[in-house]
Every structure is written in C-alpha cells, then in structure tokens.
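# Coordinate inspection notes
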Amino acid sequence: MDAFTAGLLQRIKATESDLAQARETGDDFLAEVELAELEDLHRLAAEHGVEVAVPSS
C-alpha cells in the first residue's frame, strides 16, 4: 500500500470516528461538517481507485 492510500484510509477512519462522536454528543453542526468531509474523502478515494470498507454501523 502506498503512502497516499494509507493516508487517505487513515483520514477516512479518523473522520468516521469524529462523525460518530459528534452525533453521540448531539453536535449537529459538527456532524454536518464531518459528514461533508467524509463524502469528500470517499469521492477522492473513488477518483483514485482506492477501495474503502463500509463501516458496520
């Protein structure tokens, strides 16, 4: 796995965690920000052929 792919997957994992935390604490604004970031990261992954596992939750 190259550095780009590893970094992208790490950012996705971190953003998913941040999104879950924002939702758990009821921070709707932060949840929207994190969701937008996650969508951008998934788009970037798709553009570069990086397969992303779908979270189980």
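Residues numbered from 1 in each chain as written. Predicted model: local features only at pLDDT ≥ 70, side-chain atom pairs only at ≥ 80, totals over all residues. Heavy atoms only, no water.

## Thoughts on the packing of helix H1 (residues 3–25) against helix H2 (residues 28–47)
Helix-helix packing is described using two parameters, namely the angle between the two axes and the distance between the axes. Where H1 meets H2, the axes come as close as 9 Å, and the angle between the chain directions of the two elements is 155°. When the axes of H1 and H2 are compared, the pair comes out roughly antiparallel. Crossing of H1 over H2 shows left-handed handedness. Here Phe4, Leu8, Arg11, Ile12, Thr15, Glu16, Asp18, Leu19, Ala22 and Arg23 of H1 lie close against H2, whose contacting residues are Leu30, Ala31, Glu34, Leu35, Glu37, Leu38, Leu41, His42, Leu44 and Ala45. When its residues are assigned to classes, the contact of H1 with H2 shows 12 nonpolar, 2 polar and 6 charged. (Axes fitted to C-alpha atoms, helices over the stretch in contact; angles between N-to-C directions. Helix = DSSP H or I, 4+ residues; strand = E, 2+ residues; numbered from the N terminus. Parallel < 35°, antiparallel > 145°, perpendicular 65-115°, else oblique. Left-handed = near helix turned anticlockwise from the far one by under 90°. Contact = heavy atoms within 4.5 Å. Nonpolar A, V, L, I, M, F, W, Y, C, P; charged D, E, K, R; others polar.)

## Topic: the pattern of salt bridges
Two side chains of opposite charge can pair, provided their charged atoms sit close to one another. Applying the stated criterion to the full structure yields 2 salt bridges. For arginine 43, the salt bridge goes to glutamate 47, with nearest N and O atoms at 2.9 Å. Of the two residues, arginine 43 and glutamate 47 are both situated in helix H2; the distance of 4 residues between them amounts to about one turn of the helix. The exposed category is assigned to glutamate 47, whose relative accessible area is 51%. (Salt bridge = Lys/Arg side-chain N within 4 Å of Asp/Glu carboxyl O. Buried < 20%, exposed > 50% of the residue type's maximum accessible area, 1.4 Å probe, protein only.)

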